[in-house]
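Given next are the chains, with one letter for each unit.
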Amino acid sequence: MKIFISHSDKDQAIFQTLCLVLDAEKIDRWNTSVMSAGDSLSEQLQRAISECQMCVFIATRRSIESQWCLAEVGAFWGSGKNVTLFMVDPDLDDSVLPPQFKGSLRVSKPQDLIDQIKQKFIKETNILNAIPNSVCKRILSRKQLYIESRILIENSNTIHDTTWGRRSEDMSLEEKAERESYRASIGKFLAEGKSYRELLTAEKRIEYLQDSLMMKEKFPSFQCRVLGLDISTLAIMDLIIADRNRVLFAHVSSDDPTASVKYLVVHSEPLAELFLQFYSDAWRISQNLTDYCRERSIEMRTEQLDKIDTNEYES
């Protein structure tokens, strides 16, 4: 996301100070120094509008009297893009502001402006790169993956899950312990009657199907459907969506789907809604777990069913 700063040439000191603040926060902005001398001002403004998603107007007595500033702000309004007034002049109030500015979003402190820009980042543009680290976090180890997955499940009422990857091999004792804790959290979640959906792929994954049959037998709230193909080669791999506002997912960052797998956990309603639409589309074309297994003579492993004790999941 890129920010356009509308200001009077007579307010250069304020403009340069604001630029330093934005640069320190790594917020991209329109760079007036790259303007081409051969292009008209109107052409360059149109280019700025097309590249920038938000306009910050440095509101001073000089800028509100500038016809060019008013034209810049009006162009952003006309394109349907956000305009925020940065009220740096304490003597400005509604009585001296042009009528078109009245009712506009305004801030007077630099930190409030930064917060407003970041909120705009989250809602309307590259969510993964824009949201703060407290909202978007990379998962750096398999142990942490199980911990973050368990935390999501323990603090949710609805879960949309996928099982598209392959079972981990050569796990350490700590990783195995965290995996068992994560799986126990699923059992407790289901024992409480909460809504849990699992969408899995069946290609070379009979053990997954058998485990899901077992879960379905024990927990009526467990819903499972099957996609009869291998999706593990897609860019988006495993996925957990919690309560329509948090997502944990794996993605690949190279042409080789077996390499460079990255895990992220993100707190973002827009991103969760996007993934839920993707999940719903896949769910709609999938097949009921029981029907799928019956057609292929896949049976539940009764020895594992006997090991499940729902009492241990009761709170």
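Residues numbered from 1 in each chain as written. Predicted model: local features only at pLDDT ≥ 70, side-chain atom pairs only at ≥ 80, totals over all residues. Heavy atoms only, no water.

Novice: Just checking my understanding: could you explain the side chain of Asn 82 for this structure?
Specialist: Along the polypeptide, Asn 82 turns up in strand β4 (residues 82–87). One polar contact links Asn 82 to Thr 84, side chain to side chain, over a distance of 3.0 Å. (Helix = DSSP H or I, 4+ residues; strand = E, 2+ residues; numbered from the N terminus. Polar contact = N/O pair within 3.5 Å; in protein donor to acceptor, adjacent residues only side chain to side chain.)

Novice: Can you walk me through the sheet that holds β4 in this structure?
Specialist: Where strands meet in a sheet, backbone hydrogen bonds hold them as pairs that are either parallel or antiparallel. Taking strand neighbours across the sheet as the criterion, the five strands line up as β2-β1-β3-β4-β5 in an open arrangement whose pairing is parallel. Of all the strands in the sheet, just β2 (28–29) and β5 (105–107) have a single pairing partner and so form its edges. Judged from the six bridges that link them, strand β3 (residues 54–59) and β4 form a sheet pairing that is parallel. Across the sheet, residue Met 54 finds its bridge partner in β4, namely Asn 82. (Pairing = 2+ DSSP bridges.)

Novice: Teacher, can you tell me more about the nonpolar core here?
Specialist: The nonpolar side chains of soluble globular proteins are, as a tendency, buried together. Counting residues in each nonpolar core, the largest one holds 28 residues, and the members touching the most others are Tyr 196 and Leu 209. Sorting the residues of this core by element identifies α7 (142–154), α8 (173–191), β8 (195–201), α9 (206–218), β9 (222–227), β10 (236–242) and α11 (289–295) as the ones contributing at least two each. If near-sequence neighbours (up to four positions away) are discounted, Tyr 196 is found in contact with Ile 153, Ile 159, Asp 161, Tyr 182, Ile 186, Phe 189, Leu 190, Ser 221, Phe 222 and Gln 223. Judged by nonpolar contacts, the second largest core, of 21 residues, contains Phe 4, Val 73, Val 83 and Leu 92. (Core = buried A, V, L, I, M, F, W, Y, C linked by side-chain atoms within 4.5 Å. Buried < 20%, exposed > 50% of the residue type's maximum accessible area, 1.4 Å probe, protein only. Contact = heavy atoms within 4.5 Å.)

Novice: What exactly am I supposed to notice about the pairing of strand β1 (residues 2–6) here?
Specialist: Consecutive side chains along a regular strand alternate between the two faces of the sheet. Counting buried positions along β1 gives five out of five residues, so the element sits mostly inside the fold. Burial along β1 is two-sided: the residues Lys 2, Phe 4 and Ser 6 and Ile 3 and Ile 5 are all buried. Judged from the two bridges that link them, β1 and β2 form a sheet pairing that is parallel. Along β2, the bridge assignment pairs Lys 2 with Asp 28. Each parallel crossover has a hand, and for β1 linked through helix α1 (residues 12–24) to β2 it is right-handed. As defined by bridge partners, β1 adjoins β3 across four bridges and the pair is classed as parallel. (Right-handed = clockwise from strand over helix to strand, strands pointing away.)

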